[in-house]
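Notes for the structure review
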Amino acid sequence: MSIAKRIIPCLDVKDGTTVKGTCFVDLRKAGDPVELGKAYSQAGADELVYLDITASHEGRKTFTEIVERVAAEINIPFTVGGGIGSLDDVERLLNAGADKVSVNSAALRRPQLIDEIAARYGNQVCVCAIDARFDETTGWQCYLNGGRLPVGRDLFDWAHEVQERGAGEILFTSMNHDGTKGGFANEALARLADELSIPVIASGGAGTMEHFRDAFVVGHADAALAASVFHFGEISIETLKKYLRNEGINIRI
């Protein structure tokens, strides 16, 4: 049997509170990140992703404390990202209890960071997040700084490079789809999944249970990540997993 597909709630944390936006803007509060994480763990989530979207030094201090609290409350793996630019940052978050770290902007600026994390901590610790937007003229282009700045890198070229440098997973967010609840970018997902040998996590666009099914069936994703549909009670993880199992998808219940 194939490896079980994963359902991953994502919690964006700003000033100690979970927030969620649309297309990376228009943020609204969604609750306490530790309590939400605990609830998702109890509800059957396979993993969690926490992203620190507060860039200040004080925000990092606050976020490290949140990671410690999360680690004390949940019993599933969780990944932490946002503002990670050095091995010291990785060390701090792993020591706080994170299982994996997610790098994005810093890796685009200095790709050797991926090699360094993989060499010191192992491939499984390094998740490379890629925020990309589709343009009719240029195709899928990567962005950094939370989707604010185009970097002139093609999504697929960069994905191949991060795999070669030692990333253990890719978290691909379609900026075109993020928060729209219109479905994942399944065509791009399928190309990534088919060309790469490491797992691909789908992000951006979840609105219905059918969207998750399509991410696995059409997009060939290994995992599907979502935020607002979980945070605001639109889809329960238990119901979603039962639906996916009934659709013939190998999922842990």
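See the structure above.
The following paragraphs examine the structure supplied in this document. A quick note: this is a predicted structure, and the numbers were derived from the prediction, not measured.

The helix and strand tally for the chain stands at 10 helices and 12 strands. Its C-alpha atoms give the chain a radius of gyration of 17 Å, within 12% of the compact-globule value 18 Å for 253 residues. Counting only C-alpha atoms and orienting by the principal axes, one finds that the chain spans roughly 45 × 45 × 40 Å. When the 253 residues of the chain are sorted by exposure, 56% land in the buried category. Pairs at least 24 apart in sequence give 66% of the contacts found in the chain among residues at least 6 apart. Summed over its atoms, the accessible surface of the chain is roughly 11,000 Å², and 47% of this surface lies on carbon and sulfur atoms. For the chain, the distance from the average position of its 26 positive side-chain charges to the average position of its 36 negative side-chain charges is 3 Å.

It is worth spelling out the packing of aromatic side chains at this point. As enumerated under the stated definition, the model contains 6 aromatic pairs in all. Ring centres of Trp 140 and Phe 172 lie 5.5 Å apart, and the angle between their planes is 80 degrees; on these two criteria the pair is classed as edge-to-face. Taken together, the residues Trp 140 in strand E8 (residues 139–144) and Phe 172 in strand E10 (residues 169–174) connect sequence positions 32 residues apart. With respect to class, Trp 140 is no different from Phe 172; both count as buried. By the ring-pair criterion, three or more aromatic residues cluster together here, those being Tyr 40, Phe 184, Phe 212 and Phe 230. The ring of Tyr 143 carries Arg 133 above its face, with NZ or CZ at 5.6 Å from the centroid.

The backbone of Lys 181 shows a phi angle near 60 degrees, a positive value even though the residue is not glycine. Positionally, Lys 181 belongs in the loop between E10 and helix H7 (186–195). Of note, His 220 is a non-glycine position whose phi angle comes to about 60 degrees, a positive value.

Looking now at the layout of surface pockets. Estimates place the volume of the second largest pocket at around 180 Å³. For the lining of the second largest pocket, the per-class residue count stands at 3 nonpolar, no polar and 6 charged.

Within the secondary structure, Glu 169 is located in strand E10. With near-sequence residues (within four places) excluded, Glu 169 lies in contact with Arg 6, Lys 100, Cys 126, Val 127, Cys 128, Ile 198, Pro 199 and Ile 201.

Right, let's talk about the nonpolar core for a bit. The biggest cluster of nonpolar side chains holds 74 residues, and the ones touching the most others in it are Ile 117, Phe 172, Phe 212 and Phe 230. Apart from the residues lying within four places of it in its own chain, the contact partners of Phe 230 are Ile 7, Ile 8, Pro 9, Tyr 40, Phe 212, Ile 235, Ile 237 and Leu 240. Among the nonpolar cores identified, the runner-up in size contains 9 residues, and Val 49, Ala 129, Leu 171 and Leu 225 belong to it.

This part is about helix H6 (residues 155–165). Residues Leu 155, Phe 156, Trp 158, Ala 159, Glu 161, Val 162 and Gln 163 constitute the buried set of H6. Its side-chain oxygen placed 2.9 Å from the backbone nitrogen of Phe 156, Asp 154 serves as the N-cap of H6. Downstream of H6 by one or two residues, Gly 166 has phi in the positive range, about 120 degrees.

Leu 87, Asp 89, Val 90, Leu 93, Leu 94 and Ala 96 are the residues of helix H3 (residues 87–96) that are buried. Two residues or fewer after H3 comes Gly 97, characterised by a positive phi angle close to 125 degrees.

Another aspect to go through is the pattern of salt bridges. Pairs can form between side chains of opposite charge whenever their charged atoms are close. Enumeration over the complete set of coordinates arrives at 19 salt bridges. In this structure, Lys 100 and Glu 47 form a salt bridge, with 3.0 Å as the shortest nitrogen-oxygen distance. Of the two residues, Lys 100 sits in strand E6 (residues 100–103) while Glu 47 sits in the loop between helix H1 (33–43) and strand E4 (48–52), which places them 53 residues apart along the sequence. Neither Lys 100 nor Glu 47 differs from the other in exposure class; each is buried. Across the pair Arg 213 and Asp 214 runs a salt bridge, and its minimum N-O distance is 3.1 Å.

Turning our eyes to something else, we now look at the pairing of E8. As a general feature of sheets, a regular strand has side chains that alternate between the two faces. In terms of burial, E8 is a largely internal element, 6 of the 6 residues being buried. As paired strands, strand E7 (residues 126–135) and E8 are joined by 5 bridges and run antiparallel to one another. Each bridged residue has a counterpart across the sheet, and for Ala 132 the counterpart in E8 is Cys 142. Where E7 hands over to E8, the hairpin turn is made up of 3 residues, counted between the paired strands.

About the thresholds
- Here the residue numbers are simple positions, counted from 1 along each chain's written sequence.
- Two thresholds apply to this predicted model, a pLDDT of at least 70 for residue-level local features and 80 or more for giving and counting side-chain atom pairs, whereas whole-chain, interface and lining totals are computed over all residues.
- Side-chain descriptors were evaluated using all non-hydrogen atoms of the structure, hydrogens and water having been removed beforehand.
- Each helix corresponds to a stretch of at least 4 residues labelled H or I by DSSP, and each strand to a stretch of at least 2 residues labelled E; elements are numbered beginning at the N terminus.
- Atoms considered for the radius of gyration are the C-alpha atoms alone. The globule rule reads 2.2 Å times the number of residues to the power 0.38.
- Only protein chains enter the accessibility calculation, which uses a 1.4 Å probe. A residue is then buried if its area is under 20% of the maximum for its type, exposed if over 50%, and partly exposed in between.
- Should any heavy atoms of two residues lie within 4.5 Å, those residues are counted as being in contact.
- In these tables, accessible area is a Shrake-Rupley quantity obtained with a 1.4 Å probe, and a residue counts as shielded only by the protein chains included in the view.
- Counting rule for charge: Lys and Arg are taken as positive, Asp and Glu as negative, and neither His nor the chain ends is counted.
- To locate a charge, take atom NZ for lysine, CZ for arginine, CG for aspartate or CD for glutamate.
- Any two of the Phe, Tyr and Trp rings considered here, Trp counted by its six-membered ring, make a pair once their centres fall within 6.5 Å; the pair's planes then place it as stacked at under 30 degrees, edge-to-face at over 60, or tilted in between.
- Charge-over-ring contacts are defined here by two conditions on Lys NZ or Arg CZ: a distance within 6 Å of the ring centre and an angle within 35 degrees of the ring normal.
- In the cavity and pocket records, a cavity denotes points on a 1 Å grid over the protein atoms alone where a 1.4 Å probe fits but cannot get out, a pocket denotes an open set with protein on both sides within 12 Å along at least 5 of 7 lines, and lining residues are residues with an atom within 4 Å of a point.
- Grid points are joined across faces, edges and corners, and a volume is the space filled by probe spheres set on the points.
- Ten residue types, Ala, Val, Leu, Ile, Met, Phe, Trp, Tyr, Cys and Pro, are classed as nonpolar, four, Asp, Glu, Lys and Arg, as charged, and the remainder, Gly among them, as polar.
- By convention a nonpolar core is built from buried Ala, Val, Leu, Ile, Met, Phe, Trp, Tyr and Cys residues, the set being connected through side-chain atoms within 4.5 Å.
- Two N or O atoms form a polar contact when they lie within 3.5 Å of each other; inside protein one atom must be a possible hydrogen donor and the other a possible acceptor, and for residues adjacent in sequence the pair counts only when both atoms belong to side chains.
- We define a salt bridge as a side-chain nitrogen of Lys or Arg found within 4 Å of a carboxyl oxygen belonging to Asp or Glu.
- Only when DSSP finds a minimum of two bridges between them are two strands counted as paired.

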